Amino acid sequence: MELDRTLIKGTGTAYPKLWEPGVPRGLYRVSYSESVVLRRAVLQFATYFRREFQYDFIQYSLDRNIDDTDEKVSAYLFGEPMYCGKLSSYGACCFRYRDKYTDLQPHWALQWIWLHPYKRNDGILTELWPYFESKFRNFMVESPLSRAMEYFLKNKPMQYPHDYKAIAIE
């Protein structure tokens, strides 16, 4: 998926608003205040995730709903800038701040992550994991998980097991 730089607000350099200090190369945060082009890219990868795991609904929206604020939703694109000023993206993920459970303290959760099959097992998540751990301390990884993700998490210290079933406030 390629994103045209002319559709991104900025100062003429490639995607100036996407980089944050301390963010690893190849990772681009997408907030609800960003261009709709970037949010559409995240939505496309959320759609791929839904199809692969046969979910009933897509876990990301172009428009924020009542609970989707930039403080409670943190989406990221995985990709590399191209020489022509476009971003070649190959995946995305979304973290959400969970604060509506009776049996858990408020916490961040990795809601979904999808990488193009050709990019899986390339060490991308291994490289980015320390950044996610520092940014979203003690986050939970929500299911469903692929076998590869289960294997990846096997040796990761987690505050909550990925199969923990929290009780939502009604």
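See the structure above.
Please read all numbers here as calculations on a predicted model, not as lab measurements. (Residues numbered from 1 in each chain as written. Predicted model: local features only at pLDDT ≥ 70, side-chain atom pairs only at ≥ 80, totals over all residues. Heavy atoms only, no water.)

> Please explain the nonpolar core as it appears in this structure.
Soluble globular proteins tend to bury their nonpolar side chains together. By size, the foremost hydrophobic cluster in this structure holds 24 residues, and its most contacted members are Phe 78, Phe 95, Leu 110, Trp 129, Phe 132, Phe 139 and Met 149. Only β3 (73–81), β4 (87–98), β5 (107–115), α2 (124–135) and α3 (147–153) provide two or more residues apiece to this core. For this core, the element with the highest residue contribution is α2, accounting for six residues. Setting aside its immediate chain neighbours within four residues, Leu 110 contacts Cys 93, Cys 94, Phe 95, Trp 129, Phe 139, Met 140, Val 141, Glu 142 and Met 149. Tyr 28, Val 42, Ala 46 and Tyr 55 belong to the second-largest nonpolar core, a separate cluster that totals 19 residues. (Core = buried A, V, L, I, M, F, W, Y, C linked by side-chain atoms within 4.5 Å. Buried < 20%, exposed > 50% of the residue type's maximum accessible area, 1.4 Å probe, protein only. Helix = DSSP H or I, 4+ residues; strand = E, 2+ residues; numbered from the N terminus. Contact = heavy atoms within 4.5 Å.)

> How should I be thinking about α2 in this particular structure?
In an α-helix, one turn spans 3.6 residues, which is why side chains three or four residues apart end up on the same side. Helix length check: α2 (twelve residues) gives 17 Å between terminal C-alpha atoms against 16 Å at 1.5 Å per residue, within 8%. All of the buried residues in α2 are Ile 124, Leu 125, Leu 128, Trp 129, Tyr 131 and Phe 132. Contacts from the buried residues of α2 go to β2 (27–30), β3, β4, β5, β6 (140–141) and α3. (Expected span 1.5 Å × (residues − 1).)

> I'm lost on the pattern of salt bridges in this one. Help?
If charged atoms from side chains of opposite charge come close, those side chains can pair. Inspection of every chain in the model, using the stated rule, returns four salt bridges. Here Arg 25 and Glu 80 are joined by a salt bridge, their closest N and O atoms 3.4 Å apart. A residue pair is termed long-range when its members are at least 10 positions apart, and Arg 25 in the loop between β1 (2–3) and β2 and Glu 80 in strand β3 qualify at 55 residues. Arg 25 gets classed as exposed once you look at its relative accessible area, which sits at 65%. We note a salt bridge from Lys 72 to Asp 99, for which the minimum N-O separation is 3.0 Å. One end of the pair, Lys 72, is in the loop between α1 (36–53) and β3; the other, Asp 99, is in the loop between β4 and β5, and 27 residues separate them in sequence. (Salt bridge = Lys/Arg side-chain N within 4 Å of Asp/Glu carboxyl O.)

> I keep staring at the packing of aromatic side chains and nothing clicks. Help me out?
What describes a pair of aromatic rings is the distance from one ring centre to the other and the angle between the planes of the rings. Across all of its chains, the model carries 17 aromatic pairs by this definition. Taking the centre distance of 5.0 Å and the plane angle of 50° together, the rings of Phe 95 and Phe 132 count as tilted. Pair noted here: Phe 95 is in strand β4 and Phe 132 is in helix α2, with a separation of 37 residues, a long-range link. You can call Phe 132 buried: its relative accessible area is 0%. Feature note: the residues Tyr 76, Phe 95, Tyr 97, Trp 108, Trp 129, Tyr 131, Phe 132, Phe 136, Phe 139 and Phe 152 constitute an aromatic cluster, connected by ring pairs. (Phe/Tyr/Trp six-rings, centres within 6.5 Å; stacked < 30°, edge-to-face > 60°.)

> Can you help me understand the pairing of β4 in this one?
β4 sits mainly inside the fold: ten of its twelve residues count as buried. One ladder, built from nine bridges, connects β3 with β4; its direction is antiparallel. Note that in β4 the partner of Ser 74 across the bridge is Phe 95. Summarising the sheet, β4 and β5 pair through eight bridges and their orientation is antiparallel. Among the inter-strand pairings, Cys 93 is bridged to a residue of β5, identified as Ile 113. (Pairing = 2+ DSSP bridges.)

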